[in-house]
Amino acid sequence: MAAFEYLEPATLEGAFDALERGGEEAHVLAGGTALVLLMRLGLVIPSFVVGMRRIEGLREIGISKEGGLEIGALVTHAEIEGSALVQRFFAPLAQTFGRVATVRIRNQATIGGNLVHADPASDPPPMLIAMDAEIVVARRGGVRTISAADFFRDLFEVALEPGEIVTAIRIPPPPRGMLGTYVKFLPASQDDFATVSVAATLRLDPNGGCEDVRLALGSVASTPLRARRAEEALRGKRITRETIDAAAAIVAEDVDPLDDARGSAGYKREMARVWTRRALGELVPA
Amino acid sequence: MSTITQTRRTHPLIFDSDELRIDGREKVTGEAEYAADVELPGMLHAAFATSPFAHARIVSIDIERARALAGVHAVLTGTDIGEHRFGRRFFDRPALCVDRALFIGDSVAAVAAETREIAEEAAALIDVEYEELPVVLEPEDALAPNAPILHENIDQYYFHAGKRAAVPHPNVQGHRVILKGNIDEGFARADHIFEHTFTTPRYHGGYLEPRATVVWIDAQDIVHVVATNKAPFALREQFAICVGVPIDSVRIEPAYIGGDFGGKGLSVDEYPCYFLARATGRPVKYVRTYLEDMRSSTVRHASHTTLRTGVTRDGYITAMDANIVFNGGAYAAGKPAPTLLPGLDPKLPYNIPTGRLERTSVYTNTVPGGHMRAPGDVQFIFAVESHIDMIAHELRIDPLEMRVRNAVSGNGSDFENVPYLEPSAREMLEKMRSASGWGKPLPPGRGRGIGFGVRHIGGGKAEVTLRALPSGNVDVVTGAAEQGMGILTLLQRVVAAELDLELERVNVIREAAMTQTPFDPGAGGSRQTHVTGNAALDAVRRLREHVAEHGWPKDAPFEVRGVFEAAHGHEAAPHGFCGFVAEVSVDTETGVIEVLDVVCVSDVGTILNPVAHRGQLAGGFVMGLGHALTEDLRVTEGKIENPTLADYKLPTQMDVPPLRFINIENIAGPGPFGAKMAGEINTAAVAPAIANAIADACGARVTVLPLTAERVLSALRL
Amino acid sequence: MSQHSITFTLNGKIQTVVVEANRRLIDVLRDDCKLTGTKEGCGIGVCGTCSVIIDDKLMSACLVLTPTVDGSMIRTVEGLSEPGELTNLQRAFVKHGGFQCGICTSGQIVAAEALLEANPHPSEDDVRAWMMGNLCRCTGYYQIVEAVVAAAKDR
């Protein structure tokens, strides 16, 4: 791959300096699985790479005093999958990270890198969206948060300004009794990106009605998609086969999939319906 | 022509113990040396400028900027080196394109530099001016009346060991028609006539070692080539002819080969690297990136088959008219058969009383087709085995029963019109019936399907040298290349068994392919056990004769060379069957296929290396599984859409179903101790078994490979 | 471009290399450290042929930039056994035919070693799930699983 200048600042301030120096052609290196691959294929040619590995405070998983989860941007997929803390917090979240690629990629790739790479076929974003996650973004002189649902702008494009770095992901505590699942539809090889994926979280009221629901899908558009209209159709209603079917039909209307090797747009649309139905059916059997 | 002379013998070394492969230690410790591991003093690295166009005239090439880059030792174009074409039979592929590029990725210029990075940077600095020409991507376009002619000077190309047959159109690579009996009469006798078409895509070999080579010329003008080529003696010959040096001055150095599956029988980069080595006076190394290997080496031919078959109302075939068209890509160089078709005439395990078999391979502006495990058979057997089931379905005859009725037997024969030596097709089918529980009812959404194939055991000429040492040990010297099937261990066991020596006393030495080395035809065509194994036995026979007369050598080693020859592809050559019964379930909402159970019935003769043998059957099955379900090298406008292993999906650990083997060992083959072959025809029988099982499970008939969930769903909705 | 002095332990021995930042670990291992046991396959982290263990974690050497292993512990296939000896795992691969052409074998052995360190008693399903990222075109995988399961019993 083409040569580049490489800096490993010890602090976040140092990272901001380095990004400023590098300008437009500066890239942040987290785990490296995406960036090294893109560089190797010649699709990205940075002149400046800023490695994050020496910066402290980006590798922890912790619980805030409000009971929410905070995951540092450099925490790897494997660490999240294997974390007893995350499993206790919300097991489907840990399981989602375990669905990514292979054990080697999970050991190297980070949650921050995954989010910023913004591949719409990636597994973590739909589940993070379904959990109302917030992405903590730091820049020189300040910090802001963006909701995961608003973070993805387009194919491989996120709502970050130049000089901004993702430092953590915050997930509010799931309401008591919240159910969740992540379904990754792999019609051919088991080692692949999803043809469609569905993350669903659901809270039932004491009568079995839907108190709240989140539906987010991957691989169905140029970004992960939050299926708000389908959520609306379920909120406040009893979860029955009919209401699930109706919600799934709305999802099929709202997705905008791309034709690619993993399926035609028409097939993905159909599968979005089928797997939304099946994901919800998994949470509320019969 | 060989006759079966070996009968099954008992010998504790061979028949009672599993082998421990002699290359095992090297391979599990990472010590095994492959071409990419070779490093020599002063070695330079190559890179190539390749054509971005599917068809273009090369107007001019400016190498000044490339040549000026620090660390660059040579930049060569086709004009610099001249017209040097290579091939396994027909030498139509240029070491570097001279005036035309014929597919995206065709090599246009070559660079040798201190490092690979510098070489690639220099290659990017080569300015090529192209004039785009009309492109033909599909055989029917290439055969249209006003289609551009891809090889205008084709009459000047070298055809090795023979004469190229006339072809009906300048863009035809090879064409062959077999006629058997009176097909019109055959169709007239039929109660029903069925016609179906089938399509298969390009596949890549999927060997995990990308092609690599190191070439250097020593002070005595000997050309040394380390190549990932599994037929080093053939390469030696091809190389000498292509670059124009005496064959005695070419040595193909031994290295392990990291998987071949047929495609590495054609060397590609060795030729331009030779010219770089000559221009620089240094060794030159080139290791393809996997992307380069997928894009521009060779692939399995895409195909389109039309089958028209007449049957009686009881399902007996009266006539079969088969037409298969292969997309040959830009060059025919990758095909060794004199017909320039992939593989030999396909065999079928059925009586074909009258028939017509037409096979055509066509030049197009796409990645060249070459050989790959069961070449031509993967495509043809998918068609025939699906077709048989589709006919059986229409006639409401059980598909196994229909096969039993048509199974070749007695004086019956297939297209080749030569009676089978051992017509054991019926026995095979009955084994498949009992092993699979055929006929037992299955729950809804589940089905069973059969795929059944047969192939000739390959022939060729091989030599093996034995060196009896005063210590009582024996060296076995071979020029065979080890690409994974275990030939070296096989030779050790065969010689040890036949000489009644402990395995530790038998040492196998792989030598470079050069004039004095025992000749080997190379792996491929399911020939190696048969031909090289028997050459070893011949050497043992000669050694025994010598020892009987003169005793075991006491002072100096005694050398003897064994030889064996059998015709390759002869109609009456011995053959082996392989059949699968697959059980699948289909999710009718998504089209997803789950393969639940597979039984593999193979007629293998005596098994010499049980562990490797099982591996050959399993590996061939899994390659067939990949072809059936997940692999598809997609080409759009001549450009390969998915030239990486992220997007060209090889089966993984999680994708393979339970697999059971039934090995039929009592039908002796022509190999040592009655061995046959394993690991090739099985690949061809997998996809139809699954396609037939899908149809049985849910009625969806897919006639295009791979059998994707989306295609199944579409077929369900028809 | 700047050179970086990178120090790591390689199979237990301290190594320092001076490299440009764009050098991949696989190239440094093979070309600079002369350990060619780690092979390159797909080059994009999919096939597992270049598997190595970095700080006890299985990774693809073709996706690791050398500066990022400064201070790390790296193990390659060469470091798994004593010179002239084979581990139980390696012996199991030979016995069960977990290899044919051998090009993926270094990666399979390293991956299996990492598995057995993380999970000394894996079920067959555990083996398949862990090794999903190590492709093999020759064996069809059945004998690789047998070898790993057998080695686990022996450990």
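Residues numbered from 1 in each chain as written. Chains lettered and ligands numbered in written order. Predicted model: local features only at pLDDT ≥ 70, side-chain atom pairs only at ≥ 80, totals over all residues.

Draft legend 1. Spotlight on the overall build of chain B. When helices and strands are counted, chain B shows 18 helices and 29 strands. Against the compact-globule benchmark of 27 Å for 718 residues, chain B has a radius of gyration of 26 Å, which places it among compact chains. With the principal axes as the frame, chain B shows a C-alpha extent of 75 × 75 × 45 Å. In chain B, of all internal contacts separated by at least 6 residues, the share reaching a separation of at least 24 is 82%. (Helix = DSSP H or I, 4+ residues; strand = E, 2+ residues; numbered from the N terminus. Rg over C-alpha atoms; globule rule 2.2 N^0.38 Å. Contact = placed C-beta atoms within 7 Å.)

Draft legend 2. Quick peek at the overall build of chain A. What chain A contains, in helices and strands, is 12 helices and 14 strands. Taken over C-alpha atoms, the radius of gyration comes to 19 Å for chain A, in line with the 19 Å a tight globule of 286 residues would show. The C-alpha extent of chain A, read off along each of the three principal axes, is 60 × 45 × 30 Å. Counting over 286 residues, chain A shows a buried share of 52%. Of the contacts made within chain A by residues no fewer than 6 positions apart, 62% connect residues no fewer than 24 positions apart. (Buried ≥ 20, exposed ≤ 12 C-beta atoms within 10 Å, placed from the backbone.)

Draft legend 3. Representation of the interface of chain B and chain C. Each partner contributes residues to the interface: chain B has 46 residues there, and chain C has 42 residues. Elements supplying a minimum of two residues to the side of chain B that touches chain C: α2 (24–29) and α16 (610–629) of chain B. Counting residues per element, the side of chain B that touches chain C draws most heavily on α16(B), which supplies nine residues. A per-class count over the side of chain B that touches chain C returns 23 nonpolar, 15 polar and eight charged. (Nonpolar A, V, L, I, M, F, W, Y, C, P; charged D, E, K, R; others polar.)

Draft legend 4. Quick peek at the sheet that holds strand β19 (residues 355–363) of chain B. Residues and elements named next belong to chain B. Here we have five strands laid out as an open sheet, ordered β11-β19-β18-β17-β12, and mixed in their pairing. Edge positions in the open sheet fall to β11 (172–180) and β12 (192–200), since each of these has one partner strand only. The sheet shows a mean angle of 5 degrees between the axes of neighbouring strands, taken without regard to direction. Of the strand pairs in this sheet, strand β18 (residues 317–329) and β19 are connected by nine bridges, and their pairing is parallel. What sits directly across from V325, in β19, is T360. Along the sheet, helix α11 (residues 377–395) makes contact with β12, β17 (302–311) and β18, crossing β12 at roughly 145 degrees. (Pairing = 2+ DSSP bridges. Axes fitted to C-alpha atoms, helices over the stretch in contact; angles between N-to-C directions.)

Draft legend 5. Quick peek at the domain arrangement of chain B. Residues and elements named next belong to chain B. You can read the domains of chain B as domain 1 (12–32 + 459–566), domain 2 (35–135 + 206–296) and domain 3 (302–457 + 571–716). When each unit is reduced to the centre of its C-alpha atoms, the spacing between domain 1 and domain 2 is 33 Å. Across the contact, 19 residues belong to domain 1 and 17 residues belong to domain 2. The residue makeup of the side of domain 1 that touches domain 2, split by class, is eight nonpolar, six polar and five charged. (Domains from an automatic or database assignment.)

Draft legend 6. View of the packing of α11(B) against helix α17 (residues 681–698) of chain B. All names here are of chain B. Contact pair α11 / α17: the axes reach a minimum separation of 8 Å and the direction vectors enclose 30 degrees. Between α11 and α17 lies a crossing of right-handed hand. Together, D377, V378, I381, F382, E385, S386 and D389 of α11 and I681, T683, A684, A685, A687, P688, A691, N692 and A695 of α17 make up the contact between the two elements. In terms of residue class, the contact of α11 with α17 is made up of 10 nonpolar, three polar and three charged. (Left-handed = near helix turned anticlockwise from the far one by under 90°.)

Draft legend 7. Expanded view of the sheet that holds strand β26 (residues 593–603) of chain B. Residues and elements named next belong to chain B. An order of β20-β25-β26-β29 is seen for the four strands of this open sheet, with the pairing classed as mixed. Of all the strands in the sheet, just β20 (446–456) and β29 (659–664) have a single pairing partner and so form its edges. Neighbour-to-neighbour, the strand axes of the sheet open up by a mean angle of 15 degrees, direction not taken into account. Bridge analysis of strand β25 (residues 575–586) against β26 gives nine bridges, and the strand direction is antiparallel. When the sheet's bridge partners are listed, F580 is paired in β26 with C600. Sheet strands touched by helix α13 (residues 425–436): β20, β25, β26 and β29. Its angle to β26, the strand with the most contacts, is close to 140 degrees.

Draft legend 8. Seen up close, the packing of α11(B) against helix α12 (residues 399–406) of chain B. All names here are of chain B. Closest axis-to-axis distance for the α11/α12 pair is 9 Å, and the angle between their directions is 110 degrees. Judged by the inter-axis angle, α11 sits roughly perpendicular to α12. For the pair α11 and α12, the sense of crossing is right-handed. Taking contact as the criterion, the partners of I388, D389 and A392 in α11 are, on α12, P399, M402 and R403. Partitioning the contact of α11 with α12 into residue classes produces four nonpolar, no polar and two charged. (Parallel < 35°, antiparallel > 145°, perpendicular 65-115°, else oblique.)

Draft legend 9. A look at unusual backbone geometry. With an omega of -10 degrees, the peptide bond between B:L705 and B:P706 qualifies as cis. Positive phi, close to 60 degrees, is recorded for B:L340, a residue that is not glycine. Within the secondary structure, B:L340 sits in the loop between β18 and β19. Positive phi values are uncommon outside glycine, yet C:N11 reaches one of about 50 degrees. With respect to the secondary-structure elements, C:N11 resides in the loop between β1 (3–10) and β2 (13–20).

Draft legend 10. Representation of the environment of A:A34. Residues and elements named next belong to chain A. In this structure, A34 sits in helix α2 (residues 33–40). Residue classification places A34 among the buried residues on the basis of 24 C-beta atoms within 10 Å. Distance from A34 to P162, taken between C-alpha atoms, is 19 Å for residues 128 residues apart in sequence.

Draft legend 11. Representation of the environment of A:E5 in the model. Assignment of secondary structure puts A:E5 in strand β1 (residues 5–7). Exposure remark for A:E5: the 18 C-beta atoms within 10 Å place this residue in the partly exposed category. Note: C-alpha distance between A:E5 and A:L128 (123 residues apart in sequence) is 34 Å. When neighbours within four sequence positions are excluded, A:E5 is seen to be in contact with A:S47, A:F48, C:M1 and C:S2.

Draft legend 12. Inspection of α2(A) at higher detail. Residues and elements named next belong to chain A. In terms of residue burial, α2 counts as a mostly covered element, since six of its eight residues are buried. Taken together, the buried positions of α2 are occupied by T33, A34, L35, V36, L37 and M39. Residues of α2 that are buried make contact with β2 (26–29), α6 (103–108) and α7 (111–117). Downstream of α2 by one or two residues, G42 has phi in the positive range, about 75 degrees.

Draft legend 13. Spatial organisation of the pairing of strand β21 (residues 460–468) of chain B. Residues and elements named next belong to chain B. Of all the nine residues making up β21, seven are buried; the element is thus mostly covered by neighbouring parts of the structure. In this sheet, strand β24 (residues 558–566) lies alongside β21 in antiparallel orientation, the contact comprising nine bridges. Note on β24: the bridge partner recorded for L466 is V560. Alignment of β21 against strand β22 (residues 474–478), held across four bridges, turns out to be antiparallel. Directly across from L466, in β22, lies its bridge partner V476. Joining the antiparallel neighbours β21 and β22 is a turn of five residues, in which G472 adopts a positive phi near 100 degrees.

Draft legend 14. Representation of the domain arrangement of chain A within the structure. Residue and element names in this part refer to chain A. Taken domain by domain, chain A consists of domain 1 (5–51), domain 2 (61–171) and domain 3 (179–283). For domain 2 versus domain 3, the distance between C-alpha centres works out to 21 Å. At the interface, 21 residues of domain 2 touch 22 residues of domain 3. Counting residues per element, the ones that place at least two in the side of domain 2 that touches domain 3 are α5 (91–97), α8 (124–130) and β8 (152–154). No other element matches the five residues that α8 contributes to the side of domain 2 that touches domain 3. In the side of domain 2 that touches domain 3, the residues fall into 13 nonpolar, four polar and four charged.

Draft legend 15. Highlighting the environment of B:P94. Residue and element names in this part refer to chain B. Tracing the sequence through the fold places P94 in strand β6 (residues 93–94). P94 sits 52 residues away from G42 along the chain, and the two C-alpha atoms are 27 Å apart. The residues contacting P94, other than those within four sequence positions of it, are G78, E83, H84 and R85.

Draft legend 16. Summary view of the nonpolar core. Formed by 386 residues in total, the largest nonpolar core has its most connected members in A:V251, B:A46, B:A109, B:V111, B:I593, B:I690 and B:I694. Here the element with the most residues in this core is α17(B); it accounts for 13 residues. Once residues lying within four places of it in the same chain are set aside, the contact partners of B:I690 are B:G449, B:A582, B:V584, B:I593, B:V595, B:A628 and B:L707. (Core = buried A, V, L, I, M, F, W, Y, C linked by C-beta atoms within 7 Å.)

Draft legend 17. α17(B), seen in detail. In terms of residue burial, α17(B) counts as a mostly covered element, since 18 of its 18 residues are buried. Looking one or two residues past α17(B), B:G699 carries a phi angle of roughly 85 degrees, positive in sign.

Draft legend 18. Up close: the confidence of the model for chain B. Residue and element names in this part refer to chain B. In this model, chain B carries a mean pLDDT of 94, and residues with pLDDT of at least 70 account for 97%. Note that pLDDT drops below 50 for residues 1–8; the model gives that stretch 22 contacts with residues more than four away or on any other chain. The complex prediction reports pTM at 0.97, with the ipTM value standing at 0.98. (pLDDT = per-residue confidence, 0-100.)

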